[in-house]
Amino acid sequence: MKVLVIGGGAREHALCRALSLDPDVSALHCAPGNAGIADVAELHTVDALDGDAVAELARRLEADLVVVGPEAPLVAGVADAVRAAGVPCFGPSREAAQLEGSKAFAKEVMAAANVPTARSYVCTTPEEVDEALDAFGAPYVVKDDGLAAGKGVVVTADLEQAREHALACGRVVIEEYLDGPEVSLFAITDGETVLPLQPAQDFKRALDGDEGPNTGGMGAYSPLPWADPKLVDEVMESVLQPTVDELRRRGTPFSGLLYAGLAITSRGVRVIEFNARFGDPETQVVLARLKTPLAGVLLNAARGTLADEPPLNWRGDSAVTVVIASHNYPATPRTGDPIDGLDEVAAQDAPHAYVLHAGTRREGDAIVSAGGRVLSVTATGGDLTEARDRAYTAVDRIRLDGSHHRRDIAAKAASHA
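Parameters and conventions
- Per-chain numbering applies: the sequence of each chain, read as written, is numbered from 1 onward.
- Under the rules for a predicted model, residues below a pLDDT of 70 receive no local features and side-chain atom pairs below 80 are neither given nor counted, while totals for whole chains, interfaces and linings still include all residues.
- With hydrogens and water stripped out, all remaining heavy atoms of the structure feed into the side-chain values.
- Elements are defined by DSSP. Helices are runs of H or I of four residues or more, strands are runs of E of two residues or more, and each kind is numbered from the N terminus.
- Every radius of gyration here is taken over C-alpha atoms, with the globule rule written as 2.2 Å times N^0.38, N being the number of residues.
- Working definition: with a 1.4 Å probe on protein chains only, accessible area under 20% of the residue-type maximum means buried, over 50% means exposed, and in between means partly exposed.
- By the convention used here, residues are in contact when the closest approach between their heavy atoms is within 4.5 Å.
- Salt bridges are defined by distance alone: a side-chain nitrogen of Lys or Arg within 4 Å of a carboxyl oxygen of Asp or Glu.
- Strand pairing is assigned whenever DSSP detects at least two bridges linking the two strands.
- Each axis is a line fitted through C-alpha atoms, and for a helix only the stretch in contact is used; angles between axes span 0 to 180 degrees, taken between their N-to-C directions.
- Only Phe, Tyr and Trp rings take part, Trp by its six-membered ring, and two of them pair if their centres are within 6.5 Å. Stacked means planes under 30 degrees apart, edge-to-face means over 60, and tilted covers everything else.
- Criterion for a charge above a ring: Lys NZ or Arg CZ within 6 Å of the ring centre, and within 35 degrees of the ring normal.
- Only buried residues count toward a nonpolar core. Its members are Ala, Val, Leu, Ile, Met, Phe, Trp, Tyr and Cys residues joined through side-chain atoms within 4.5 Å.
- The scheme is simple: roughly parallel for angles under 35 degrees, roughly antiparallel for over 145, roughly perpendicular for 65 to 115, oblique for anything else.
- We call Asp, Glu, Lys and Arg charged. Ala, Val, Leu, Ile, Met, Phe, Trp, Tyr, Cys and Pro are nonpolar, and the rest, Gly among them, are polar.
- Computed over the protein atoms alone on a 1 Å grid, cavities are sets of points where a 1.4 Å probe fits but cannot get out and pockets are open sets with protein on both sides within 12 Å along at least five of seven lines; a residue lines them when it has an atom within 4 Å of a point.
- Grid points are joined across faces, edges and corners, and a volume is the space filled by probe spheres set on the points.

K.L.:
I'd love a proper account of the overall build of the chain, names of residues and values included.
P.N.:
Scanning the chain for helices and strands turns up 14 helices and 24 strands. Compactness check: the chain gives a C-alpha radius of gyration of 20 Å against a globular reference of 22 Å for 417 residues, within 12% of the reference. With the principal axes as the frame, the chain shows a C-alpha extent of 55 × 45 × 40 Å. Counting over 417 residues, the chain shows a buried share of 58%. Of the contacts formed within the chain by residues at least 6 apart in sequence, a portion of 69% connects residues at least 24 apart.

Here it is, written out as structure tokens:
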């Protein structure tokens, strides 16, 4: 099988790594990729938002499967263009991807499918914003209706800050605050059959102790020793299957990766948000634990034959990923700084720990930073404590001037286990 992956972050590196280990994959391509992905896939230049260009590249490479990683190309309809060219594509249509592209659309689908979520208002005027903020009270939860790369949400006790964010967004969703820990649960679906993956937890704030500004995610771990063993079954029944069924009923079947961001509240599981693609950095730990070869599962989803797929096999170990971010992230990050220590990790920590590249590029013989989140250092172990130790041992070998990372990823969960 020849596979083309679209994207260039750590999520795509995790996907490419998993696909490169699949004996059924004979050729692996990635566009545009990054310096780390170049070690496992052949890189190509393409405008990832141009569906015709992606479809043309897939045809030229004679790809048997295209996997679209990021959300922006999905919302732009890239998967539709690839499918129209006769190439199986893992990723939802432009219409179905509105589940992530519009928070208001997602709320509408959840209401129709009786999916438990936070009460909310969609606001377009300052008056509506003030009414909604007043109705719910602090802490205020304000979400940009459109795509914001995981950073369009403000949760604050400060009314002025909440109002300022709401007014800057144009169309905004204001909702009640959900208490309790957050969980990410992915499911692969062909629009009918739903195959859940293992849950993970990510860390959105920039600093230890969940302090600092929101980011795209500073680390993750899986499994969740504190979670109810019946959690996946419950979410399948109350969230994932009803959502997939409702989208099919509307004539916009969702085929690809459905990501449910959940709050485990005192009143039960509630959906915080849906995404239409693998989450980053949770993908890094979920795929580290997946035993079933990945390509066949994604191809079955793309072809509408997921019902033929046996249940997924999982390793019994734990996985932790720690994000190394560049100077000043999540504000305007500094780029172009050389990264040292990658060879040391490969020589001393493999196969239990490895580095997935996010924002990197090659300059001559050097690999330099090229984005906000630069690397995802990922490790597996017999339990979370061992996986954490291995991840942080590898992190400490890496040198990137001005970089920062959290030291508390999975610390509480490891002590719970």
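K.L.:
Account for the pattern of salt bridges, with residues named and values stated.
P.N.:
If the charged atoms of two oppositely charged side chains come close together, the side chains can form a pair. Enumeration over the complete set of coordinates arrives at 26 salt bridges. Put simply, Glu-108 and Arg-250 hold a salt bridge, and the shortest N to O gap is 3.3 Å. Remark: Arg-250 occurs in the loop between α9 (231–249) and β16 (256–265) and Glu-108 occurs in helix α6 (residues 103–113); sequence separation between them is 142 residues. What makes Glu-108 partly exposed here is its relative accessible area of 45%. The partner of Arg-267 in a salt bridge is Glu-176, with the nearest N and O atoms 3.7 Å apart. Of this pair, Arg-267 sits in the loop between β16 and β17 (268–275) while Glu-176 is found in the loop between β9 (172–175) and β10 (182–189), placing the two residues 91 residues apart along the sequence. One salt-bridge network, held together by shared partners, links Glu-108, Glu-246, Arg-249 and Arg-250.

K.L.:
Any chance you could break down the sheet that holds strand β6 (residues 120–123) for me, citing the residues and the numbers?
P.N.:
Pairing is antiparallel across the open sheet formed by four strands, whose spatial order is β6-β9-β7-β8. This sheet does not close on itself; its edge strands, each paired only once, are β6 and β8 (153–156). Recorded for the sheet is a direction-independent mean angle of 20 degrees between the axes of neighbouring strands. Bridge count for strand β7 (residues 140–144) against β9 is four bridges, and the pairing is antiparallel. Note on β9: the bridge partner recorded for Val-141 is Glu-175. Contacts from helix α7 (residues 126–136) reach β6, β7 and β9 within the one sheet, and its direction differs from that of β6 by about 165 degrees. Here helix α8 (residues 159–169) sits on the sheet and contacts β7, β8 and β9; the angle it forms with β7, its principal contact strand, is near 15 degrees.

K.L.:
Break down the packing of aromatic side chains for me, with residues and values.
P.N.:
Counted by the stated rule, this structure contains five aromatic pairs. Considering the side-chain rings of Phe-203 and Tyr-221, the 6.1 Å spacing of their centres and the 45 degrees angle between planes classify their relative orientation as tilted. Within this pair, whereas Phe-203 is found in the loop between β12 (201–202) and β13 (205–207), its partner Tyr-221 is found in strand β15 (residues 219–222), the two being separated by 18 residues in sequence. Just as Phe-203 is buried, Tyr-221 falls in that class too. Taken together through their ring pairs, the aromatic side chains of Phe-90, Phe-186, Tyr-259 and Phe-278 make up a single cluster. The ring of Tyr-354 is capped by Arg-17, whose NZ or CZ atom sits 3.6 Å from the centre of that ring. The ring of Tyr-259 is capped by Arg-277, whose NZ or CZ atom sits 5.9 Å from the centre of that ring.

K.L.:
Outline the nonpolar core, listing residues and values.
P.N.:
Ranked by size, the top nonpolar core spans 79 residues in total, and within it Leu-4, Val-66, Leu-99, Leu-240, Phe-274, Val-320 and Ile-398 carry the most contacts. Here this core takes eight residues from α9, the largest share from any one element. If we ignore the near neighbours within four places in the chain, the residues touching Val-320 are Ala-220, Tyr-221, Val-285, Val-377, Thr-378, Ala-379, Leu-384, Ala-387, Arg-388, Ala-391, Ile-409 and Ala-410.

K.L.:
I'd love a proper account of the packing of α6 against α9, names of residues and values included.
P.N.:
Orientation of α6 relative to α9, taken along the N-to-C sense of each, is 100 degrees, at an axis distance of 9 Å. It follows that α6 is roughly perpendicular to α9 by the angle criterion. Across the interface between the two elements, Phe-105, Val-109, Ala-112 and Ala-113 from α6 touch Pro-242, Thr-243, Glu-246 and Leu-247 from α9. Looking at side-chain class alone, the contact of α6 with α9 contains six nonpolar, one polar and one charged residues.

K.L.:
How would you summarise the pairing of strand β22 (residues 366–369) if you had to cite specific residues and measurements?
P.N.:
Here strand β21 (residues 360–363) runs beside β22; their pairing, made up of four bridges, is antiparallel. From the neighbouring strand, Arg-362 faces β22, where its bridge partner is Ile-367. In this antiparallel pair of consecutive strands, β21 and β22, the connection spans two residues, and Gly-364 shows a positive phi of 65 degrees.

K.L.:
So what about empty space enclosed by the protein? Which residues, and what values?
P.N.:
Counted under the stated rule, the structure contains two cavities of 30 Å³ or more. One number sums up the size of the largest cavity: a volume of about 70 Å³. Taken together, Leu-99, Glu-100, Lys-103, Ala-106, Lys-107, Met-110, Lys-143, Val-173, Glu-175, Ile-272, Glu-273 and Phe-274 form the lining of the largest cavity. Of all the elements in the fold, those that place two or more residues in the lining of the largest cavity are α5 (98–101), α6, β9 and β17. With four residues, the single largest contributor to the lining of the largest cavity is α6. Considering only residue class, the lining of the largest cavity consists of six nonpolar, no polar and six charged.

These figures come from the coordinates and say nothing about function on their own.
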